[in-house]
Structure formats: C-alpha cells, structure tokens
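Here's the letter readout for the chains.
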Amino acid sequence: MKRILTIQDISCVGKCSLTVALPIISAFGVETSVLPTAVLSTHTMFKGFTFRDLTCDIEDIEKHWLDQKIDFDSIYTGYLGSFEQLELCSKIFKDFKKKDNFILVDPVMADNGKLYPGFDQNFADNMAVLCGKADIIVPNLTEASFMLHTPYIAEGYDEDYIKDLLVKLTDLGCNKAILTGVSFEKDKLGVYTYDKNTKEYFSYFRERLPVSFHGTGDIFSSALCGALAIDKGIEESLKIAVDYTVESIKVTMDNPEHNWYGVEFEKTFPYLIDRIK
C-alpha cells in the first residue's frame, strides 16, 4: 500500500487541513501518515479558538521515523505557520526524498490579493524557497504573486499572463506548477499547469459556483495528491481533484441546513471512489 505523509495543522472542529486530508487521501486506498504542526479547537473562522503550537515536537517525530526506517511515497504540506516550520519541512524533504516519490507543496498563506494574518513578504520569500525544493506546487494567484514579486491581477488577464506565471514558478526549482482559481470567463473557474521537463501546459475548468466555503483548497490539494499517488497522471489527477471539489460544493449547496464552516465532502466519497476505480 502506498503511504503519504501530510504535514499541516489540525482543527478539532472545522473542515480543513488534516481533518480534510486524512479522510480524502485514505479514500484513494492510500495509507495516510500525519505530522500535525498545531492543534486548534476550531479553524480560524470561528471566534475565540484555542491554539497549541507543536513545532517543538516535529524534530523528535522525524528522528523516530528515521530510526524506524519509515519511508513515504509522497510528502504533502499544507498550512505552515512559521519560519521554523518551513525549515523543518525542508529538512524532512531532504531526509525522505527518493527517486520514486514526490513532494507536493500547497503554499497556503494568501488569497484575494492579501496575505493571511501573521504573514509578510519575508515569509512568502521563504515559502518560495520551500516550493523550489518540491516536485509539484499548487499556489493560487495571490500566493504566486507574492512569491514572484509580481502585481496581483484579479481578473482581465489572458493565457499568456498565466503561462508566464507558471514558467516563473517552475524557475523557483519545482518540476510542475499548478495555478488554482484561474478564470478567463466569468462563469468558468479552474486550474492551469505547466511541466518544465516536457514544456507542456494543461488546463481544466468547471462552472463557477455562486458560493465560497472555507477549506475547498485543502479538498482540492488532498484529492490531487491522492490521485497522483495511485498513478493517475497529472491531467487525470487534476480533473479528479477539480470535479470532486465541485461535486462536494454542490452537495453542500443542496442541503439548506449545511454548516457554514465547511463543505460536506464526506457525502461525495461514493462519487470519488467510483471515479477512481
């Protein structure tokens, strides 16, 4: 059985980060190992949440894995909250990288033209360094703009602009860059990717839904990592991840009593499993 290590925080209530990654990757028939970077009572959209930093445990956990000769078929990082965590992940990449595994970094730190609270340009620059050590990165347009020191453009851009961003992202050092939240038409939203080894581009779009939910980026990245782990290939994996995210949002919209804090991705596991058979 394949084994993926995912490194990110865990919210005890709230559908994001590890509470999304663990079940979704497991649904692909992949063993999911976790390295929690912090424990929160809820995700940060709730008021008065508690937070416990687990940075001091990461080094000892990694040392134990090395002592036990544990290895991973993929390493997938999500939200990382400090410079020290970036450095620790860089060490984990170095210690567990093999010729036949892949590292996927989702540089979760910004959206809608702004960095998340607690982050600055210096953090974005250090995240860019970590992305350069990955095989695949999946920033949104805002994150790409901060890492590349380019102006953020929310709309009105063309394919040449996106292709130029993708090439510059791979210049950071990764093999494949995937931009999320790309749109050339008001009613379409999707992803665009570039492989610097083959010089090939690929894009995939679905209908733009008139809602916004917390954690959909985590759903996408987790499904993408799971699909890649079972050798679906980059193009099919992107289609699976986009479609699963869209179907999960639709199911949530269909429930008038849905929770405000996350997407009902659990209800679409039958769709996902049928899709990957």
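For the structure, check the block above.
Residues numbered from 1 in each chain as written. Predicted model: local features only at pLDDT ≥ 70, side-chain atom pairs only at ≥ 80, totals over all residues. Heavy atoms only, no water.

Trainee: Would you explain the overall build of the protein chain in this entry?
Mentor: Across its full length, the protein chain carries nine helices and 11 strands. For 277 residues, the compact-globule estimate of 2.2 N^0.38 gives 19 Å, and the C-alpha radius of gyration of the protein chain, at 18 Å, lies within 12% of that figure. Taken over the C-alpha atoms alone, the protein chain extends approximately 50 × 45 × 40 Å along its principal axes. Of all 277 residues assigned to the protein chain, the portion counted as buried reaches 51%. Total accessible area on the protein chain stands at roughly 13000 Å², and carbon and sulfur atoms take up 51% of it. (Helix = DSSP H or I, 4+ residues; strand = E, 2+ residues; numbered from the N terminus. Rg over C-alpha atoms; globule rule 2.2 N^0.38 Å. Buried < 20%, exposed > 50% of the residue type's maximum accessible area, 1.4 Å probe, protein only. Areas by Shrake-Rupley, 256 points an atom, 1.4 Å probe, with all protein chains shown as cover.)

Trainee: Can you walk me through unusual backbone geometry in this structure?
Mentor: Leave glycine aside and you will find that most residues have negative phi; peptide bonds, for their part, are mostly trans. Although it is not a glycine, Ser 17 adopts a positive phi angle of roughly 50 degrees. Assignment of secondary structure puts Ser 17 in the loop between β1 (3–13) and α1 (18–27). The residue Lys 199 is not glycine, and still its phi comes out positive at about 65 degrees. Relative to the elements of secondary structure, Lys 199 occurs in the loop between β10 (188–195) and β11 (200–207).

Trainee: Before we go on, may I ask you to explain the environment of Val 211 in this structure?
Mentor: Looking at the secondary structure, you find Val 211 in the loop between β11 and α7 (216–229). Residues Val 211 and Val 39, spaced 172 residues apart in sequence, show a C-alpha to C-alpha distance of 28 Å. Look past the residues within four positions of Val 211 in its chain and what remains in contact with it is Ile 249 and Met 253. (Contact = heavy atoms within 4.5 Å.)

Trainee: Any chance you could explain the environment of Ala 229 here in plain terms?
Mentor: For Ala 229, the location among the structural elements is in helix α7. Put simply, Ala 229 and Gly 190 are 39 residues apart on the chain and 21 Å apart in space, counted from C-alpha to C-alpha. The residues touching Ala 229, leaving out its near neighbours within four places in the chain, are Lys 2, Ile 4, Val 30 and Phe 102.

Trainee: Can you walk me through the packing of helix α5 (residues 141–148) against helix α6 (residues 159–170) in this structure?
Mentor: Two measures define how a pair of helices packs: the angle their axes make with one another and the distance between the axes. Relative to each other, α5 and α6 sit at 55 degrees, their axes nearing to 11 Å. By the angle between their directions, the pair α5 and α6 is classed as oblique. In this structure, α5 crosses over α6, and the sense of that crossing is left-handed. Across the interface between the two elements, Leu 141, Ala 144, Ser 145, Met 147 and Leu 148 of α5 pack against Tyr 161, Ile 162, Leu 165, Lys 168 and Leu 169 of α6. (Axes fitted to C-alpha atoms, helices over the stretch in contact; angles between N-to-C directions. Parallel < 35°, antiparallel > 145°, perpendicular 65-115°, else oblique. Left-handed = near helix turned anticlockwise from the far one by under 90°.)

Trainee: Would you mind showing me how to read the pattern of salt bridges here?
Mentor: According to the stated counting rule, one finds 19 salt bridges in the structure shown. Lys 176 serves as the salt-bridge partner of Asp 195, at 3.5 Å between the closest nitrogen and oxygen. Here Lys 176 lies in strand β9 (residues 176–182) and Asp 195 lies in strand β10, a separation of 19 residues in the sequence. The exposure class of Asp 195 is buried, given its relative accessible area of 13%. A salt bridge links Arg 275 to Glu 236; its shortest N-O distance comes to 3.8 Å. Of this pair, Arg 275 sits in helix α9 (residues 269–276) while Glu 236 is found in helix α8 (residues 234–254), placing the two residues 39 residues apart along the sequence. Residues joined in a network through salt bridges with shared partners are Arg 206, Glu 207, Glu 236, Asp 243, Glu 247, Lys 250 and Arg 275. (Salt bridge = Lys/Arg side-chain N within 4 Å of Asp/Glu carboxyl O.)

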